[in-house]
There are 4 protein chains.
Amino acid sequence: MCGLFGIYEHSNAVALTETALKLLQHRGQESVGIASSEHGKISHISGMGMVLDVLTSQKTKQIQGNTSIGHVLYSTSGTSTVQHAQPFVFDSKYGQIALAHNGHLTNATVLREELEKNGAVFQSNSDTEIIVHLLAQSSEKNTIDRFLSVFKKLEGAYSLLALTEDSLIVARDPYGFRPLSMGILDGKTMVSSETCTFLPLGGDFVRDVNPGEMIVINEHGIKISTIKKISKPAYCSFESIYFARPDSLLYGNNVYAVRERLGKYLAQKHPIKADVVIGVPDSALPTALGYAQESNIPYSIGFVRSPDIGRTFIEPNSEIRRNIMPIKLRPIQRNVEGKSVVLVDDSLVRGTTMNVVVNLLKEVGAREVHVRISSPPMIASCHYGIDTLIDDDLIASRCSIDEIMDYIMADSLAYLSTQDMLKALDLEKRSLSYCTACFTGEYPKEAQPDLVNLKCHP
Amino acid sequence: MCGLFGIYEHSNAVALTETALKLLQHRGQESVGIASSEHGKISHISGMGMVLDVLTSQKTKQIQGNTSIGHVLYSTSGTSTVQHAQPFVFDSKYGQIALAHNGHLTNATVLREELEKNGAVFQSNSDTEIIVHLLAQSSEKNTIDRFLSVFKKLEGAYSLLALTEDSLIVARDPYGFRPLSMGILDGKTMVSSETCTFLPLGGDFVRDVNPGEMIVINEHGIKISTIKKISKPAYCSFESIYFARPDSLLYGNNVYAVRERLGKYLAQKHPIKADVVIGVPDSALPTALGYAQESNIPYSIGFVRSPDIGRTFIEPNSEIRRNIMPIKLRPIQRNVEGKSVVLVDDSLVRGTTMNVVVNLLKEVGAREVHVRISSPPMIASCHYGIDTLIDDDLIASRCSIDEIMDYIMADSLAYLSTQDMLKALDLEKRSLSYCTACFTGEYPKEAQPDLVNLKCHP
Amino acid sequence: MCGLFGIYEHSNAVALTETALKLLQHRGQESVGIASSEHGKISHISGMGMVLDVLTSQKTKQIQGNTSIGHVLYSTSGTSTVQHAQPFVFDSKYGQIALAHNGHLTNATVLREELEKNGAVFQSNSDTEIIVHLLAQSSEKNTIDRFLSVFKKLEGAYSLLALTEDSLIVARDPYGFRPLSMGILDGKTMVSSETCTFLPLGGDFVRDVNPGEMIVINEHGIKISTIKKISKPAYCSFESIYFARPDSLLYGNNVYAVRERLGKYLAQKHPIKADVVIGVPDSALPTALGYAQESNIPYSIGFVRSPDIGRTFIEPNSEIRRNIMPIKLRPIQRNVEGKSVVLVDDSLVRGTTMNVVVNLLKEVGAREVHVRISSPPMIASCHYGIDTLIDDDLIASRCSIDEIMDYIMADSLAYLSTQDMLKALDLEKRSLSYCTACFTGEYPKEAQPDLVNLKCHP
Amino acid sequence: MCGLFGIYEHSNAVALTETALKLLQHRGQESVGIASSEHGKISHISGMGMVLDVLTSQKTKQIQGNTSIGHVLYSTSGTSTVQHAQPFVFDSKYGQIALAHNGHLTNATVLREELEKNGAVFQSNSDTEIIVHLLAQSSEKNTIDRFLSVFKKLEGAYSLLALTEDSLIVARDPYGFRPLSMGILDGKTMVSSETCTFLPLGGDFVRDVNPGEMIVINEHGIKISTIKKISKPAYCSFESIYFARPDSLLYGNNVYAVRERLGKYLAQKHPIKADVVIGVPDSALPTALGYAQESNIPYSIGFVRSPDIGRTFIEPNSEIRRNIMPIKLRPIQRNVEGKSVVLVDDSLVRGTTMNVVVNLLKEVGAREVHVRISSPPMIASCHYGIDTLIDDDLIASRCSIDEIMDYIMADSLAYLSTQDMLKALDLEKRSLSYCTACFTGEYPKEAQPDLVNLKCHP
């Protein structure tokens, strides 16, 4: 997943970036880093762990500069190390560059082999390092041309921030898989994976970086170029359903409102006679509330969360996730005992967590548990930056809905159809075009996953 | 505040205690410790910080024994050190003893002076150390008599667990200020500050430790003694309103249900025409939901919490609390913009946090913010273990409701009356008797605060 | 062992104490602490480990005051914990007191039992805590009388610094087992376990604290009292032979000169025809040089030390000591190969280290290794503060010199006699009186070891 | 500086490498790392700090393999970071490679520019990364040819170990600036910066790696190639004088014996009437002993070292070095007071340390201090891997001997001439050829320093 933030020429750039990364912490808790440029010199800091722990005031004092970019890394392999912490900072014939990347290239293997053939050396298995080498091996002298020519070679998903000695460079792949938005603060340009950072810093949202757009900001102003035109973008639908913060605007839609509407559609399409509607906290709560409003079944609070650990989905080691589940999340017996419960969640990946959750409810006396999922069955891996595992680990890729229902021990199970989901996601009926590959197995034409490359993600 | 857990003669005692402390983490995040006895020898471990950080598997291996007690400390002074981490483990003529305490003695100064006169030495300013010395200086040879005689000398609040070389001793002060409950697991007795620990461990709630009860558990069985009879207990009302987990049974009442009813009464007594009801997460959400149900104003989700830091109220340093507030808690603009909002919270202490919260809502466009507090104005310090500051820091002790309303910039402000609160707290109409000293300034007769002793709390 | 330093009313007291503790680091590397008083309030800091690691500038800023005492702890049991770190700081009816102690009481068990009978509570198994309780249980109102009456009750070894709210108190037991000296800096009084601290701080040595002397320094001046008169002091001979720094004056004798003379006597009494004299670094080097000078056998450098770990003798865990020995200390082959070597060391405790050292020399080709020890066979435990193990672990308590020679694989082995050692120790022929209990088994009359109390040392 | 160790196909390779690095710890204390290959897969570990701290048993378990290389880094800039820790492990078209390097290339700037022109990306300013890129950009398919062709391009100093998927590669530059020796253990080949590691591991020294030699060890055996023939090697003289351990054989000479002879020559050429000879510990002690033997002035021990910090010269931050100097090293007053002292040291770089040392002696009463340096005045920067600062920081490059004498406050000062030094260094009169550039300013012809490149060292 990962989160990005950048700000150009603000006197308080480092502190603002640090605060922004805390607001993007839900997008990655494995590592964090900031790079900042001053008088053409880039200093940086990074480390494994949460923003709060890594970016101590003592350490952030080591970096300075008015133009900064920051990154939080979400890693799915258990082997993430400090070598993978971004921004990557490197030196080449074109001077120092810092690079922070969210997404996953689908032609990584091909590019990497080619680069290695030309003598490139890799210190990590990150896609980002591929972009680094493409930039260094480019023969384009002009910065804009060089970045543009490199971006043209990339296939797959990338929202990207780069710091050169004099410019802040912003890019989003032609499909716009991963979000990236621009804001303004004290007249200075900000860029952020989600808009939720802009307001708390005292600034405002301006607009999304368009799919296929490259924006170069330097003392000469803001220059916008086009990487490539694609007929239809492929916005990640899973960001809207689960990943993004509910106080963000995503692809111009209010995330909270989208989730509430997903809940309403779910209630319309998959009604059930029940006593109470609850959601899996916190991401599915707006959806559950939407379901309750539409169905007129009372909404209630189903669970308490213990304050010991981070977001469940985000832990790299699945065994840990399983064991602490019943402590992390506890059912509120009084609200479900003897009742027929509608349990709303946003997605069902492996099914293991849902199995635990349904069991928790039954253990405290829920009479029936009807699971309602505000997205379609997930049957295919994401190759654009969300680690949804290989196909075989996705329960819906190998089990029927009835089998899943049995496995999670639910009394009924229903998913929202792709069509309904897409209707909900396009709140304003602006004919937004989404990537639904993980639900349909149909990947965007020019960003076909490179199936050899399964192990290489950012 | 603090949280306690103990278990007698269970082969998995240390691991169970560790897990229970995670479930009690909301009661204290300053320090944590476990003591365990085996063959009459007590080993222990403690440290500053969260359960997850202090009780690493490597460290808990150092302690062993089938009878264990554990403690999480909530400290309000900025100067808490490892010396204050409990359980206290000490050696005296009666052998090794481990002691874990939740509460605040009102005759601490008197007792301490007397003990010092008799030659006692204090290494901390904790009330718990006073009990340690009383036990050591006692001339009662018999364990039960000794503990009983010591408890008879204590005034104020104490829920307490002690480990001697052969017994687990449980006590609750005659007023029962702080909660303490018993459970059972695999036929073994558990004791816990809150009942929320019993179920996740695989056990069951049995009954509350009665006010004024001392229970000694050892190989001869369970022996119950009475410390003192008080005509009416004085259960802490603030535990029900704010502190306890919603999945606990407190004084026999379901906490969630109590909070929901507080919200309903609040709606009945202080109605307002508004567009939406939201609560301050997470403790006030059930109350807000109750308000919404009763008033028929739609309930909504008002805030997103960032996953970087612990519970707000629990941070010792107020400056830190203030600065990170707007990052920790972010309003969901879409749900409040242009609306008249009922903002429900459980209490109003200093008023500084509420001022920030109301401002956050106004900044994102809330038209009106009507603050509804599910407890009466807090006008007096708690001397029984909740750090509600000295009177002067309590905004309601020096300002009128109108002045507070102005200060927090609310469009209206209403509190629940003491009478209504008490009605809501006694869910089952069992004529429960509560301490309302912080709301009325009237302290229970035989537990008058020792006003000199303001700095000495556990 | 342990090291002490104190300074009265110096504006730079904390930093000076920190530096002094670094110069006393050889006396203890287990824990370190400083207490300092300002306006009658004592603040303190302590931790496990070396001065450099524990007393970071960030931490020492937390303590302030012009009168400071510091302590480095040498612990012999593997179970030393932060509870044992000194100075002990405690509160009693006589106010706050900080206490730092070097030595070992021989009536600790008796005193502790008595104190426990009177209700004392022990949080450690340190002798120092006994003194704490004696002070607190004393009925003497006057500070000087109180400390004096407590010291009168102590038997065994104690060099001690105490900080009360207004005074710095210095005491040395009547036998003077452990060293303690006074110095002056900028007109302010300093006290130190060894004189080696005075000069580097910019001050001067004044005189030793006399055996049986108690010195109270406060705004009224310096008041000297006598604890008890003993006919003959019993200065620790092992301090001169091994423990003290060679740049200290010990009991008025220059430590380096003493060691050199020990070497000379050793050469006179135990001559051998050999090619080279080497010493075990660093403590035995002056002795080896003395041997070489007297014997006219060339002195050489026998070993290189690797810069990875601390002093060998001081590591608590003997297994670690053994394994790293051959890396920590490496023979210089060129200086011993094919040669008959005189290997000088100051003492032989277990014999295990010497066995390794002789083997190292033989492995690189030493033809003969003649071990010369500048002290008599060690046959009895020290009960005055040096951890020389229980008698049975002392190789000389159960083996003849020939057997030891065989065990360590030496070609000859000779010890200095007690008589010769004493002659060498009394450099100036001032009829100094030494404790030789560890060599003779004869303990000073009024400080007979309390044999039950083997496990209770500071 | 830096230290290297490697071992081929030994079942205990990782543990042996770890132990060897402890024995090479004097060559670098900034960072440490080990890489190990198993079944063609390289795992590695590295970190900032001492071997003891970084290579905890827990961490070394993460790496496995029978062929290992290790590195300790000595860094002179204050900005060393974990990015600089070696071995460098990277991936290229030729598979995984680990590289550990001691030395400094004189054509680094040229090579780097060229590589960057070809698209190379640099993540550090280390020479080692240049070699990495040359290997990756090489078009030679065969491993031996590839490494050979890369080494042919390097100018300056490199002793180097590389691990490919199947081979251990060893190389030493044609001048042989930095040492590198081969040993044998259990029939397996070891390589080490110094021979001092071989014996303690239980092995034996075999021979030096010859200047200009590249050795490839794999399952096909040992293959030796020649990088380039140079008429005369240029062995670093400073290694013999100061840096190497006295228990090493350096260029076939016994280091201890060399230093002793340097001291003897110094006594012959620069005699002085004095009372005592002392050396600056530990490196100059053999030299001082040689001076004493030749001059018949008694040798004595001049200083005590405190056990708090590492080797003085090796600390990157000069301010720290200065401040702690008087604590780290303390004079033994008794041995110098009132005396005319010959103070022997191996070199004089900045002069600041010597100024402190002479002052220490004078402060404790030395009547005269005659400084004797067992090397010539150092007037030029080393460009082959020893950080002797830029010329201007070398006191002898801008001051006359008299001026230096005044600055260090010595009563006399004498250096050994280059000629005498070279005579002493060539113990066996084998016409060894040394680099004396730092003393003469004459750099070996084909390894002229690249003067632009002052900031880029390993």
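Rules behind the numbers
Residues numbered from 1 in each chain as written. Chains lettered and ligands numbered in written order. Predicted model: local features only at pLDDT ≥ 70, side-chain atom pairs only at ≥ 80, totals over all residues. Heavy atoms only, no water. Helix = DSSP H or I, 4+ residues; strand = E, 2+ residues; numbered from the N terminus. Rg over C-alpha atoms; globule rule 2.2 N^0.38 Å. Buried < 20%, exposed > 50% of the residue type's maximum accessible area, 1.4 Å probe, protein only. Contact = heavy atoms within 4.5 Å. Areas by Shrake-Rupley, 256 points an atom, 1.4 Å probe, with all protein chains shown as cover. Lys, Arg positive; Asp, Glu negative; His and termini not counted. Charge placed at Lys NZ, Arg CZ, Asp CG, Glu CD. Buried area = accessible area lost by both parts, 1.4 Å probe. Salt bridge = Lys/Arg side-chain N within 4 Å of Asp/Glu carboxyl O. Least-squares fit on C-alpha atoms with pLDDT ≥ 70 in both. Polar contact = N/O pair within 3.5 Å; in protein donor to acceptor, adjacent residues only side chain to side chain. Nonpolar A, V, L, I, M, F, W, Y, C, P; charged D, E, K, R; others polar. Phe/Tyr/Trp six-rings, centres within 6.5 Å; stacked < 30°, edge-to-face > 60°. Pairing = 2+ DSSP bridges. Core = buried A, V, L, I, M, F, W, Y, C linked by side-chain atoms within 4.5 Å. Patch = residues over 30% accessible without salt bridge, like charges linked within 9 Å, V, L, I, M, F, W, Y side chains within 5 Å. Axes fitted to C-alpha atoms, helices over the stretch in contact; angles between N-to-C directions. Parallel < 35°, antiparallel > 145°, perpendicular 65-115°, else oblique. Left-handed = near helix turned anticlockwise from the far one by under 90°.

K.L.:
What is the right way to read the overall build of chain A from this model?
P.N.:
When its secondary structure is counted, chain A shows 16 helices and 23 strands. The C-alpha atoms of chain A give 22 Å as radius of gyration, which agrees with the globular expectation for 458 residues (23 Å, within 12%). In terms of overall dimensions, chain A has C-alpha extents of about 70 × 45 × 40 Å along its principal axes. Here chain A, with 458 residues, has 65% of them falling under the buried criterion. In chain A, the share of contacts with a sequence separation of at least 24, taken over all contacts with a separation of at least 6, comes to 69%. When the accessible surface of chain A is totalled, it reaches about 15,800 Å², and 48% of it is carbon and sulfur. Taking the average location of the 44 positive side-chain charges in chain A and that of its 51 negative ones, the two points are 3 Å from each other.

K.L.:
Is there a simple way to explain the interface of chain A and chain D in this structure?
P.N.:
Interfaces are frequently sized by the accessible area removed from exposure as the parts join. At the interface, 22 residues of chain A touch 22 residues of chain D. Buried surface at the junction of chain A and chain D, both sides included, amounts to about 1,600 Å², of which 49% is carbon and sulfur. Summed over the shared surface of chain A and chain D, the number is 2 salt bridges. Of the charged contacts, one joins D:Asp91 and A:Arg112 as a salt bridge, the two residues approaching to 3.0 Å between their closest N and O atoms.

K.L.:
Hey, could you run me through the relation of the copies chain A and chain D in this one?
P.N.:
Mapping one chain copy onto the other needs a rotation about an axis and a shift along that axis. Rotating chain A by 179 degrees and moving it 0.2 Å along the rotation axis overlays it on chain D with an RMSD of 0.1 Å. When the rotation and shift are considered jointly, the pair of chain copies conforms to a two-fold rotation axis. Taking C-alpha positions as reference, the residue of chain A nearest the rotation axis is A:Ala120, located at 3.2 Å. In this assembly the copies share their binding face: 100% of the residues contributing to the interface of chain A also contribute to that of chain D.

K.L.:
Can you walk me through the pattern of salt bridges in this structure?
P.N.:
When their charged atoms lie close together, side chains carrying opposite charge are able to pair. The final tally for this structure, using the stated rule, is 56 salt bridges over all chains. Two residues, D:Glu260 and C:Arg334, come together in a salt bridge whose shortest N-O distance is 2.8 Å. Of the two residues, D:Glu260 sits in helix 8 (residues 255-269) while C:Arg334 sits in helix 11 (residues 333-336), which places them in two different chains. Here the salt bridges do not stand alone but share partners, grouping A:Arg27, A:Arg178, A:Glu194 and A:Glu239 into one network.

K.L.:
I would appreciate a short explanation of the interface of chain B and chain A in the present structure.
P.N.:
Facing the 39 residues of chain B at the interface are 39 residues of chain A. When chain B packs against chain A, the two sides together hide about 3,200 Å² of surface, and 65% of this comes from carbon and sulfur. Applying the counting rule to chain B against chain A returns 2 salt bridges. Applying the counting rule to chain B against chain A returns 6 residue pairs in polar contact (both at pLDDT 80 or more). Sorting the residues of the side of chain B that touches chain A by element identifies helix 1 (13-23), helix 8 (255-269), helix 9 (285-295), strand 18 (303-305), helix 10 (318-328), strand 19 (329-331) and helix 11 (333-336) of chain B as the ones contributing at least two each. For the side of chain B that touches chain A, the residue count by class is 21 nonpolar, 10 polar and 8 charged.

K.L.:
Is there a simple way to explain the packing of aromatic side chains in this structure?
P.N.:
The description of two aromatic rings rests on the distance between their centres and on the angle between their planes. Applying the stated rule across the entire model yields 50 aromatic pairs over all chains. Geometrically, the ring pair formed by C:Tyr74 and C:Phe243 is edge-to-face, given 6.1 Å between the ring centres and 80 degrees between the ring planes. Of this pair, C:Tyr74 sits in the loop between strand 4 (67-73) and strand 5 (88-92) while C:Phe243 sits in helix 7 (residues 237-243), placing them 169 residues apart in sequence. The class for C:Tyr74 is buried, based on a relative accessible area of 4%. Given a relative accessible area of 1%, C:Phe243 falls into the buried group. Aromatic side chains D:Phe238 and D:Tyr242 sit 5.5 Å apart centroid to centroid with 35 degrees between the ring planes, which places their arrangement in the tilted category.

K.L.:
Teacher, can you tell me more about the pairing of strand 22 (residues 412-415) of chain B here?
P.N.:
The side chains of a regular strand alternate, residue by residue, between the two faces of the sheet. Residues and elements named next belong to chain B. Residue alternation in strand 22 divides its side chains into two sets, Ser412 and Ala414 and Leu413 and Tyr415, and both sets are buried. By the bridge criterion, 4 bridges tie strand 21 (residues 368-373) to strand 22 in an arrangement that is parallel. Across the sheet, the residue bridging to Ile373 is Tyr415, located in strand 22.

K.L.:
Even after reading the chapter, I still don't get the environment of D:Leu343, so can you show me in this structure?
P.N.:
Residue and element names in this part refer to chain D. Its location among the elements puts Leu343 in strand 20 (residues 340-345). The exposure class assigned to Leu343 is buried, which follows from its relative accessible area of 0%. For Leu343 and Met1, which are 342 residues apart along the polypeptide, the C-alpha to C-alpha distance reads 26 Å. Apart from the residues lying within four places of it in its own chain, the contact partners of Leu343 are Ile278, Val280, Phe303, Met354, Val357, Val358, Leu361, Val369, His370, Val371 and Arg372.

K.L.:
Please clarify how the nonpolar core should be interpreted in this entry.
P.N.:
Generally speaking, nonpolar side chains in soluble globular proteins are found buried as a group. A:Tyr384 and B:Tyr384 are the most contacted members of the largest nonpolar core, which has 115 residues in total. Core analysis: the next-biggest nonpolar cluster, separate from the first, contains 114 residues, C:Phe243, C:Ala424, C:Cys435 and D:Ile301 among them.

K.L.:
Explanation requested: the relation of the copies chain B and chain A in the structure shown.
P.N.:
Superposition of chain B onto chain A requires a rotation of 180 degrees combined with a translation of 0.0 Å along the rotation axis, giving an RMSD of 0.1 Å. Taken together, the interface assignments show that 100% of the residues at the interface of chain B recur at the interface of chain A, consistent with an identical surface on both copies.

K.L.:
Teacher, can you tell me more about a negative patch on the surface here?
P.N.:
Judged by side-chain charge, A:Glu9, A:Glu165, A:Asp166 and A:Glu219 come together as a negatively charged surface patch. The class of A:Glu219 is exposed, set by a relative accessible area of 67%.

K.L.:
Explain helix 5 (residues 127-137) of chain D to me, please; I cannot follow it from the model alone.
P.N.:
Since there are 3.6 residues in each turn of an α-helix, residues three or four apart along the chain are aligned in direction. Burial runs high along helix 5 of chain D: 11 of the 11 residues are buried. Every buried residue of helix 5 of chain D is listed here: D:Asp127, D:Thr128, D:Glu129, D:Ile130, D:Ile131, D:Val132, D:His133, D:Leu134, D:Leu135, D:Ala136 and D:Gln137. Along its buried surface, helix 5 of chain D packs onto helix 4 (108-117) of chain A together with strand 5 (88-92), strand 6 (95-102), helix 4 (108-117), helix 6 (143-153) and strand 7 (159-163) of chain D. The distance from a side-chain oxygen at the start of helix 5 of chain D to the backbone nitrogen of D:Thr128 is 2.9 Å, and the residue carrying that oxygen is D:Ser126.

K.L.:
Explain the packing of helix 5 (residues 127-137) of chain A against helix 6 (residues 143-153) of chain A to me, please; I cannot follow it from the model alone.
P.N.:
Helix packing geometry: the angle between the two helix axes and the distance between the axes. Residues and elements named next belong to chain A. As a packed pair, helix 5 and helix 6 sit with axes 9 Å apart at the nearest point and diverge in direction by 135 degrees. Considering their axes alone, helix 5 and helix 6 lie oblique with respect to each other. Where helix 5 crosses over helix 6, the two elements pack in a sense that is right-handed. Touching Ile131, Leu134 and Leu135 of helix 5 are Arg146, Phe147, Val150 and Lys153, all from helix 6. When the residues that make up the contact of helix 5 with helix 6 are grouped by side-chain class, the tally is 5 nonpolar, no polar and 2 charged.

K.L.:
I tried to follow the sheet that holds strand 8 (residues 168-172) of chain C on my own but got confused; where do I start?
P.N.:
Across a sheet, paired strands are connected by hydrogen bonds in the backbone, their directions being either parallel or antiparallel. Residue and element names in this part refer to chain C. Strand order in the open sheet formed by 6 strands is 5-6-7-8-12-13, and the pairing between neighbours is antiparallel. In the strand order of this sheet, the two ends are held by strand 5 and strand 13 (221-226), each with one partner. Each adjacent strand pair in this sheet contributes to an overall mean axis angle of 20 degrees, direction not counted. Pairing analysis gives 6 bridges linking strand 12 (residues 213-218) to strand 13, with the strands arranged antiparallel.

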